[in-house]
Amino acid sequence: MANLKEIRSRISSVSSTMQITAAMKMVSAAKLKKAQDAIVAMKPYAYKLKQLLEHLSAALGDENVYNPRKGEVRKVLLVPITSNRGLCGAFNASVIKKALELEQTTYKDKQVQLYTIGKKGNDVLKKYDNIIAHNSEIFDKLTFATAAALAEELMELYTSGKYDQIVLVYNSFKNAATQILTEETFLPIQPIAIKAKGKELNTNYIYEPSKQEIVEELIPRSLKTEIFKALRDSVAAEHGARMTAMHKATDNAQDLKNELILTYNKARQATITGEIIEIVGGSEALA
């Protein structure tokens with residue numbers, strides 16, 4: 001059994017760790033509230049815009065450069081979105097694992113490359129030598145402008161013909177304790193089927209402004225909004241995951257501290273009992 005000094009040192013160490021994890025939990029909870037409000041307010045708009053985009057793509061047909069190309073998909077770009085910091089449970093590991101799984105299963109017969117968002121994902125995935133670019137600075141100041149710049153870069157990679165498909169992999173926020181691992185095709189835009197349940201969809205739209213202006217302005221803006229939504233979703237999920245992880249860490253530290261205190265009391269009691277026995281034995285020897 002460890003001596004009393006060692007046990008006291010361990011109790012002090014666990015107490016310090018518990019204070020740190022409790023503080024990190026409070027910080028993450030404060031950040032989560034802001035991030036949660038932002039993504040909850042944005043999701044209905046983003047989903048409705050995407051639905052409109054799918055209908056519009058079906059109507060525009062070949063006039064939309066962001067629609068699927070004819071022929072087989074050969075080159076795929078995966079965009080795993082992770083965080084810049086750890087201590088958030090399996091948040092980053094799940095995205096990394098999913099990206100590797102997609103590469104080895106769904107797209108095993110394709111030429112797959114990665115564009116990593118977030119430091120943690122890049123640190124792990126860079127050893128596979130198929131990363132074309134990396135961006136972790138975007139989370140330092142996440143705004144629509146920074147998200148738009150990333151979206152423009154991805155759109156250029158698609159329209160230039162370098163890739164036939166671009167897929168986002170990230171954690172979507174559900175609540176503080178739950179993150180949904182999401183695989184989402186960013187490009188090409190998947191046009192909604194012209195026929196739905198046997199009924200013809202109305203695609204006889206009146207375009208104002210012209211079709212060309214819609215393709216050049218409205219669709220790119222919608223794609224930028226989609227990227228912004230994914231990044232905000234990931235940020236909210238990260239804070240939720242970190243808050244949950246720190247809550248569990250604090251509880252585990254408290255359990256460990258209680259066990260150490262019990263061990264300390266037992267050791268102290270054994271020491272006291274031993275000293276009493278020595279005193280009694282010495283007293284009897286003198287009698």
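Preceding this section is the structure that the text describes.
Residues numbered from 1 in each chain as written. Predicted model: local features only at pLDDT ≥ 70, side-chain atom pairs only at ≥ 80, totals over all residues. Heavy atoms only, no water.

### Overview of the nonpolar core
Put simply, the rule is: Among the buried residues, those of types Ala, Val, Leu, Ile, Met, Phe, Trp, Tyr and Cys that are joined through side-chain atoms within 4.5 Å form a nonpolar core. Whether a residue is buried, partly exposed or exposed follows from its accessible area with a 1.4 Å probe, protein chains only, as a fraction of its type maximum: under 20%, in between, or over 50%, in that order. Helical segments are the DSSP runs of H or I of at least four residues, strand segments are the runs of E of at least two, and each set is numbered from the N terminus. Contacts are assigned to residue pairs with any non-hydrogen atoms lying within 4.5 Å of each other.
Within the largest apolar cluster, 44 residues are counted, with the highest numbers of intra-cluster contacts made by Ile117, Leu154, Phe186, Leu187, Leu223, Ile227 and Leu231. Within the residue set of this core, elements represented by two or more residues are α1 (4–60), β1 (75–80), β2 (111–117), α4 (144–159), β4 (165–175), β5 (178–187) and α5 (211–286). Looking at which element gives the most residues to this core, the answer is α5, with 12 residues. Once you skip the residues sitting within four places of it in the chain, Leu187 turns out to touch Tyr66, Leu154, Met155, Tyr158, Gln165, Ile166 and Leu223. Core analysis: the next-biggest nonpolar cluster, separate from the first, contains 12 residues, Leu78, Val112, Leu125 and Val167 among them.

### Digging into the sheet that holds β1
Each strand in a sheet pairs with another by means of backbone hydrogen bonds, the pair being arranged parallel or else antiparallel. Here is the rule we go by: Strand pairing is assigned whenever DSSP detects at least two bridges linking the two strands. Axes here refer to lines fitted to C-alpha atoms; in helices the fit is confined to the stretch in contact. Angles between the N-to-C directions go from 0 to 180 degrees.
Read across the open sheet, the 5 strands follow the order β3-β2-β1-β4-β5; overall the sheet is mixed. On the outer flanks of this sheet lie β3 (131–135) and β5, each paired with one strand and no other. The average undirected angle you get between the axes of adjacent strands in this sheet is 20°. When β4 meets β5, the two strands line up antiparallel, connected through 9 bridges. Looking at β5, one finds that Asn171 is bridged to Leu181. Most of the contacts of helix α2 (residues 91–104) go to β4, to which it runs at about 150°, and overall it touches β1, β2, β4 and β5.

### Details of the pattern of salt bridges
Put simply, the test is: Salt bridge, as used here: a side-chain nitrogen of Lys or Arg that lies within 4 Å of a carboxyl oxygen of Asp or Glu.
Inspection of every chain in the model, using the stated rule, returns 9 salt bridges. Salt-bridge contacts for Glu101 lead to Lys98; the nearest nitrogen and oxygen are separated by 3.9 Å. Residue Glu101 and its partner Lys98 are located together in helix α2, separated by 3 residues, close to a single helical turn. When the shortest N-O distance is used, the salt bridge between Lys229 and Glu184 registers 3.7 Å. In this pair, Lys229 is assigned in helix α5 and Glu184 in strand β5, connecting sequence segments 45 residues apart. Here the two residues Lys229 and Glu184 agree in accessibility, since each one is buried.

### Focus: a nonpolar patch on the surface
Defined as follows: A patch consists of residues exposed above 30% relative accessible area that lack any salt bridge, with like charges linked at up to 9 Å and nonpolar side chains (Val, Leu, Ile, Met, Phe, Trp, Tyr) linked at up to 5 Å. We get accessible surface area from the Shrake-Rupley algorithm with a probe of 1.4 Å; when it comes to residues, only the shown protein chains can shield them.
On the surface, Ile272, Ile276 and Val280 cluster together into a nonpolar patch covering about 230 Å² of accessible area. Note that Ile276 resides in helix α5.

### Some remarks on α4
Basically, it comes down to this: Take the residue count of a helix, subtract one, and multiply by 1.5 Å to get its expected span.
With 16 residues, α4 should cover 22 Å at 1.5 Å per step; its first-to-last C-alpha distance of 22 Å lies within 8% of that length. Listed as buried for α4 are Ala147, Ala148, Leu150, Ala151, Leu154, Met155, Leu157 and Tyr158. A positive backbone phi angle near 90° is found at Gly161, which sits one or two residues after α4.

All we've got here are geometric facts, nothing functional implied.
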